[in-house]
Amino acid sequence: MANNSSQLPFEIGWEDVTITLFGRIVDGFRGFKYKVSKSKANIHGRGKDPIARAKGKKEYEGSIKLLFREIIALEKAAIQNGGADLTDLDPFDITLVYAENGLVVTHILNNVEVTEYELTMEQGDDFMEVELPISIGKISRQ
């Protein structure tokens with residue numbers, strides 16, 4: 001049987017992910033998602049079937065979930081730089097490191113901006129988790 005060296009003995013788990021914002025490992029990090037899409041379209045000519053395919057631009061989007069204390073730290077950074085709230089933050093990078101059993105994979109979300117945010121809490125909640133939708137300029141992989 002062939003040896004597949006890229007295969008891990010375990011799948012990456014939450015404990016194996018580290019996120020860094022503004023040069024600091026974020027402890028109040030609760031979740032993330034990011035997506036890459038690329039437009040592709042069939043080109044038609046003679047007949048009913050496509051004769052070629054066009055490839056277009058890439059788009060990147062996502063969100064991060066942070067505890068309220070991390071939101072306050074980001075808000076302070078925005079205000080110190082002349083902004084009013086999180087949507088005024090200058091573009092920043094988010095570094096995600098997936099590390100397990102000697103394998104390290106790094107994704108850098110470049111030129112990230114917060115597009116909106118909503119603070120919510122309900123009776124019985126023990127903490128506040130805030131999801132920040134983000135616009136991403138590019139994703140670099142190392």
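The structure presented is a predicted model; accordingly, all values stated were derived computationally and were not measured. (Residues numbered from 1 in each chain as written. Predicted model: local features only at pLDDT ≥ 70, side-chain atom pairs only at ≥ 80, totals over all residues. Heavy atoms only, no water.)

Run through the packing of aromatic side chains, naming residues and quoting values.
In this structure the tally under the stated criterion is six aromatic pairs. Seen in terms of ring centroids, Phe 22 and Phe 92 are 5.1 Å apart; in terms of plane orientation they differ by 35 degrees. Their pairing is tilted. A residue pair is termed long-range when its members are at least 10 positions apart, and Phe 22 in the loop between strand S1 (17–21) and strand S2 (24–25) and Phe 92 in strand S5 (residues 92–100) qualify at 70 residues. (Phe/Tyr/Trp six-rings, centres within 6.5 Å; stacked < 30°, edge-to-face > 60°. Helix = DSSP H or I, 4+ residues; strand = E, 2+ residues; numbered from the N terminus.)

Quick one: what's the story with the environment of Thr 18, residue by residue and with numbers?
Within the secondary structure, Thr 18 is located in strand S1. In this structure the C-alpha to C-alpha distance between Thr 18 and Thr 106, which are 88 residues apart in sequence, comes to 9.5 Å. Those residues in contact with Thr 18, other than ones at most four positions away along the chain, are Ile 25, Thr 95, Leu 96 and Val 97. (Contact = heavy atoms within 4.5 Å.)

With reference to specific residues and values, describe the pattern of salt bridges.
Opposite charge on two side chains allows them to pair when their charged atoms are near. Per the counting criterion, the structure on display carries three salt bridges. Between Arg 24 and Glu 70 there is a salt bridge whose closest N-O contact spans 2.5 Å. Of this pair, Arg 24 sits in strand S2 while Glu 70 sits in helix H1 (residues 68–80), and the two are 46 residues apart along the sequence. Residue classification places Glu 70 among the buried positions, given a relative accessible area of 7%. Among the salt bridges present, the one from Arg 30 reaches Glu 129, with a minimum N-O distance of 2.9 Å. Of this pair, Arg 30 sits in strand S3 (residues 29–44) while Glu 129 sits in strand S7 (residues 129–135), and the two are 99 residues apart along the sequence. We classify Glu 129 as partly exposed; its relative accessible area is 31%. (Salt bridge = Lys/Arg side-chain N within 4 Å of Asp/Glu carboxyl O. Buried < 20%, exposed > 50% of the residue type's maximum accessible area, 1.4 Å probe, protein only.)

Talk me through the environment of Gly 28; I want residue IDs and the actual numbers.
Relative to the assigned elements, Gly 28 resides in the loop between S2 and S3. Classification of Gly 28 by relative accessible area gives buried; the value is 0%. Sequence spacing of Gly 28 and Gly 13 is 15 residues, and the spatial spacing of their C-alpha atoms is 17 Å. Sequence-distant contacts of Gly 28, that is, excluding residues within four places in its chain, are made with Lys 65, Leu 66, Leu 67, Arg 69 and Glu 70.

Could you give me a rundown of the nonpolar core, with the residues and numbers involved?
Formed by 26 residues in total, the largest nonpolar core has its most connected members in Leu 66, Ile 94, Leu 96, Leu 109, Leu 132 and Ile 134. Those elements that place two or more of their residues in this core are S1, strand S4 (50–67), H1, S5, strand S6 (103–114) and S7. Element by element, the count of residues in this core is highest for S5, at four residues. In contact with Ile 94, other than residues within four places in its own chain, are Ile 19, Thr 20, Leu 21, Ile 64, His 107, Ile 108, Leu 109, Val 112 and Ile 134. (Core = buried A, V, L, I, M, F, W, Y, C linked by side-chain atoms within 4.5 Å.)

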